[in-house]
Amino acid sequence: MKSRVALALVALREPKLPTADQFEDYLGEHWPDAPEIRPAEEVPTPDGEQAEGIEVFRFGDGLAAVSLMNSPIPFEDLEFPCWAAWYWPTAEQEMRTHNSHLLVALVDGPDDPIERHRHLTQLVASAAGLTDAVGIFWGSGGSVHETQAFLDSARQMSAEVLPLELWVAVRFAPEDDDSVSCITDGLEEFGLNEIEVVSSRREPQTLLEYLYNVAYYLIENGPVIHDGETIGLTEDERFLVTFGESRLTDRPRVMRIEL
């Protein structure tokens, strides 16, 4: 069976690799229900020596690997996420200041994608909290987050409170007729179609809140909304849902809501 790998990058002002013991202490302080950390097998290099610049440990059912990279994240990988980070206006300016980064990977882990995301979030927040971190590049959603904002959301996370703003990005695209379109990025990691709204006259904040409400419902309940159905947050509002090729990306199938 092919291994699942979930990853994120932590941009650093100064290179530092926290130890497994430091991760264990930080996790225990902020998430008492976090999985147990256990020693893992050594990671050899091709010449048989123990690898340097990497900390590997068992984290619950998964394997955590935290690698120190003594170079910045290539900015071509960050340019679009920084441009799209409407919630962090100085993202490009600040992310350009980092000189090294940590690659935080969770191999396998829980089968449940919610739990897998929670575990990776705990690892990434610990890595950021134990270093002088500029920001976080979340792999599956292709988004960047300011360090303190990431830590605040991660520390509020529980089984009942999911930090979707960290896991699922919402991209906005203004249209020529002054309407706005938007699409999520990150729901595919939960086995769901991304959600798309095309040429809406609603305010971006209203669209954002609606998309996150629908995304939250789908993540908790699965793909229970079908083509041709209508949905609404109240009995007085109903919006048509259709499935088809995305108008905003190259995805062959998205869930489109007529808002």
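Before any of the text, the structure's been laid out above.
This one's a predicted model, so the numbers in the text were calculated from it and none came from an experiment.

Considerations on the pairing of strand E9 (residues 180–185)
Here E9 lies mainly inside the structure; 6 of its 6 residues are buried. Of the strand pairs in this sheet, strand E8 (residues 169–174) and E9 are connected by 6 bridges, and their pairing is antiparallel. Across the sheet, the residue bridging to Ala169 is Asp185, located in E9. In this sheet, strand E10 (residues 195–200) lies alongside E9 in antiparallel orientation, the contact comprising 3 bridges. Across the sheet, the residue bridging to Cys182 is Val197, located in E10.

As for the nonpolar core
Val10, Val104, Val124, Trp167, Val214, Met255 and Ile257 are the most contacted members of the largest nonpolar core, which has 63 residues in total. Element by element, the count of residues in this core is highest for helix H7 (residues 204–221), at 9 residues. Those residues within four positions of Ile257 in sequence are excluded, and the remaining contacts are Ile195, Glu196, Val197, Tyr210, Val214, Ile231, Phe239, Leu240 and Val241. Leu9, Ala11, Phe75 and Trp88 belong to the second-largest nonpolar core, a separate cluster that totals 13 residues.

A few points about the side chain of Thr147
One can find Thr147 in helix H5 (residues 147–156). Within polar-contact distance, the side chain of Thr147 engages the backbone oxygen of Ala133 at 2.9 Å. Other than its neighbours up to four places away in sequence, Thr147 contacts Ala128, Ala133, Val134, Gly135 and Ile136.

Description of the packing of helix H1 (residues 20–30) against helix H4 (residues 113–129)
Where H1 meets H4, the closest approach of the two axes is 10 Å, and the angle between their N-to-C directions is 110 degrees. By the angle class used here, H1 and H4 are roughly perpendicular. Across from Phe23, Tyr26 and Leu27 in H1, the residues of H4 making contact are Gln122, Leu123, Ala125, Ser126, Ala127 and Gly129. Of the residues belonging to the contact of H1 with H4, the class tally is 6 nonpolar, 3 polar and no charged.

So, how was this worked out
Position numbers for residues start from 1 in each chain and track the written sequence from start to end. Local features in this predicted model are restricted to residues of pLDDT 70 or higher, and side-chain atom pairs are both shown and tallied only at a pLDDT of 80 or more, whereas totals for entire chains, interfaces and linings draw on every residue. Side-chain measures were taken over the full set of non-hydrogen atoms in the model, leaving aside hydrogen atoms and water. Only protein chains enter the accessibility calculation, which uses a 1.4 Å probe. A residue is then buried if its area is under 20% of the maximum for its type, exposed if over 50%, and partly exposed in between. In DSSP terms, a helix is any run of H or I states spanning at least four residues, a strand is any run of E spanning at least two, and both are numbered starting from the N terminus. Think of it this way: DSSP has to see at least two bridges between two strands before they count as a pair. Remark: nonpolar core denotes a set of buried residues (Ala, Val, Leu, Ile, Met, Phe, Trp, Tyr, Cys) joined through side-chain atoms within 4.5 Å. Here, two residues are considered to be in contact whenever any of their heavy atoms come within 4.5 Å of each other. Nitrogen and oxygen atoms within 3.5 Å of one another constitute a polar contact, given that in protein one can donate a hydrogen and the other can accept it, and given that sequence-neighbouring residues count only through two side-chain atoms. Between N-to-C directions, angles cover 0 to 180 degrees, with each direction set by a line fitted to C-alpha atoms, over the stretch in contact for helices. In what follows, roughly perpendicular refers to angles from 65 to 115 degrees, roughly parallel to angles under 35, roughly antiparallel to angles over 145, and oblique to any angle outside these ranges. Only Asp, Glu, Lys and Arg are considered charged, only Ala, Val, Leu, Ile, Met, Phe, Trp, Tyr, Cys and Pro nonpolar, and every remaining residue, Gly among them, polar.

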